Amino acid sequence: MDLVARIAGNFRDSANLKLSAIDTLAPSIAAAVERMVACLNDDGKILSCGNGGSAADAQHFSSELLNRFEAERPGLAAIALTTDSSTITSIANDYDYEQVFARQIRALGHPDDVLLAISTSGNSGNVMEAIGAAHEMGVRVIAMTGNGGGKMGAMLKPDDVHVCVPHKNTARIQEVHLLALHCMCDAIDFQMFGTKK
């Protein structure tokens, strides 16, 4: 297979997964948006976390809310728990890496808040600890996973929202996560401000 054909195959695989997942994911994305809009309207904030590419997604989502997405509007309360290297390294050093998000949630979280917990495998220990801390604090949970949901899927409560990409390949899952996050940004703006494309 030549390089162009390989690249074209990746494009097709990504597009086909997105199209085939619409009916599976659209209702859970809509439920996540409703939960986030209620949080923001009640003066709550959205806390987000993940590792690696999922950390980048958490930061990307937070920045779209804090600044703006596609239309002018006031900033919305969002914090990516992945960005403060001093906090993360001190928690990892004094306790362990599994606690880097959970301790932040216990310090910053309130019952009106939402945790957006992202893990392509659904098995990230520190993200699972974050979900446990959110449950303790009364923080609502929106989990974004793939690969059947992993261990995270099993620990979610009935009132949590689970956006689970029906695929096992990490790159494909991340690509759908990014689209889902952009859908959330668009829908939050539409619900709160009536913005149109």
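So, here's what we can say about the structure. Since the model is a prediction, treat every value here as computed from it, not as a measurement. Here the residue numbering is sequential within each chain, running from 1 through the sequence in written order. Restriction of local features to residues with pLDDT of at least 70 applies here, the model being predicted, together with a cutoff of 80 or more for giving and counting side-chain atom pairs; totals for whole chains, interfaces and linings are based on all residues. Only hydrogens and water are removed before side-chain values are computed, so all heavy atoms of the structure are retained for them.

**Focus on the overall build of the protein chain**
The condition is simple: Helix numbering and strand numbering both begin at the N terminus, where a helix is a DSSP run of H or I of at least 4 residues and a strand a DSSP run of E of at least 2. For a compact globule the rule gives 2.2 Å times the number of residues to the power 0.38, and the radius of gyration it is set against comes from C-alpha atoms. For every residue, the accessible area obtained with a 1.4 Å probe (protein chains only) is divided by the maximum for its type, and the residue is called buried under 20%, exposed over 50%, and partly exposed between those limits. Residue contacts are counted whenever heavy atoms from the two residues lie within 4.5 Å of one another. Throughout, the Shrake-Rupley method with a 1.4 Å probe supplies accessible areas, and for residues the shown protein chains are the sole cover considered. None of His or the chain ends enter the tally, which takes Lys and Arg as positive and Asp and Glu as negative. Note on charges: their place is set at NZ of Lys, CZ of Arg, CG of Asp or CD of Glu.
Secondary structure assignment for the protein chain yields eight helices and five strands. Helices and strands appear in the protein chain in the N-to-C order α-α-β-α-β-α-α-β-α-β-α-β-α. The C-alpha atoms of the protein chain give 17 Å as radius of gyration, which agrees with the globular expectation for 197 residues (16 Å, within 12%). If you line up the protein chain on its principal axes, its C-alpha atoms span 50 × 40 × 30 Å. By residue count, 46% of the 197 residues in the protein chain fall in the buried class. Within the protein chain, contacts between residues separated by at least 24 positions form 70% of all contacts whose residues are at least 6 apart in sequence. Surface accessibility of the protein chain: about 9600 Å² in total, with carbon and sulfur atoms responsible for 52%. For the protein chain, the distance from the average position of its 16 positive side-chain charges to the average position of its 23 negative side-chain charges is 5 Å.

**Digging into the pairing of strand β3 (residues 114-118)**
The following threshold applies: Pairing between two strands is assigned when DSSP locates at least 2 bridges connecting them.
Of all five residues in β3, five are buried, a share of seventy percent or more. Alternating positions in β3 separate into two faces, Val114, Leu116 and Ile118 on one and Leu115 and Ala117 on the other, with burial throughout. Sheet topology note: the strand β1 (residues 46-49)/β3 ladder contains four bridges and is parallel. Bridge pairing in β3 links leucine 47 to leucine 115. Strand direction decides the pairing type here: β3 and strand β4 (residues 140-146), joined by five bridges, are parallel. Bridged to leucine 115 within β4 is valine 141.

**Some thoughts on the pattern of salt bridges**
The line we're drawing: Basic side-chain nitrogens of Lys or Arg form a salt bridge, by our definition, when they fall within 4 Å of a carboxyl oxygen of Asp or Glu.
What the rule picks out here adds up to five salt bridges. Of the charged contacts in the structure, one is a salt bridge between lysine 45 and aspartate 113, with a shortest N-O distance of 2.7 Å. Residue lysine 45 is located in the loop between α2 (22-41) and β1, and its partner aspartate 113 is located in the loop between α5 (102-108) and β3; the two are separated by 68 residues in the primary sequence. Pair check on accessibility: lysine 45 and aspartate 113 agree, each one buried. With its nearest N and O atoms 2.8 Å apart, the salt bridge here joins glutamate 175 to arginine 172.

**Focus on the nonpolar core**
To be explicit about the condition: Take the buried Ala, Val, Leu, Ile, Met, Phe, Trp, Tyr and Cys residues and link them wherever side-chain atoms come within 4.5 Å; each set so joined is a nonpolar core.
Among the nonpolar cores identified, the biggest contains 32 residues, and Met36, Ile46, Phe61, Leu116, Met144, Met184 and Ile188 are the most heavily contacted of them. Elements with a minimum of two residues in this core: α2, α3 (53-66), β3, β4, β5 (161-165) and α8 (170-193). Tallying contributions element by element places α2 first for this core, with eight residues. If near-sequence neighbours (up to four positions away) are discounted, leucine 116 is found in contact with Met36, Ile46, Leu47, Ser48, Cys49, Phe61, Ile142, Met144 and Leu181.

**Quick look at unusual backbone geometry**
Of note, the phi angle at aspartate 43 is positive, near 65 degrees, even though the residue is not glycine. Mapped onto the elements, aspartate 43 comes out in the loop between α2 and β1. For aspartate 43, a relative accessible area of 73% gives the class exposed. Despite not being glycine, asparagine 147 has its phi angle at roughly 55 degrees, a positive value.

**Side note on helix α6 (residues 125-137)**
For clarity, the threshold we go by: Every helix has an expected span of 1.5 Å times one less than the residues it contains.
The terminal C-alpha atoms of α6, which comprises 13 residues, lie 18 Å apart, in line with the 18 Å expected from a rise of 1.5 Å per residue. For α6, the complete set of buried residues consists of Gly125, Asn126, Val127, Met128, Ala130, Ile131, Ala133, Ala134 and His135. At its buried positions, α6 is contacted by β1, α5, β3, β4 and α7 (150-155). Positioned one or two residues after α6, glycine 138 has a phi angle of 75 degrees, which is positive.

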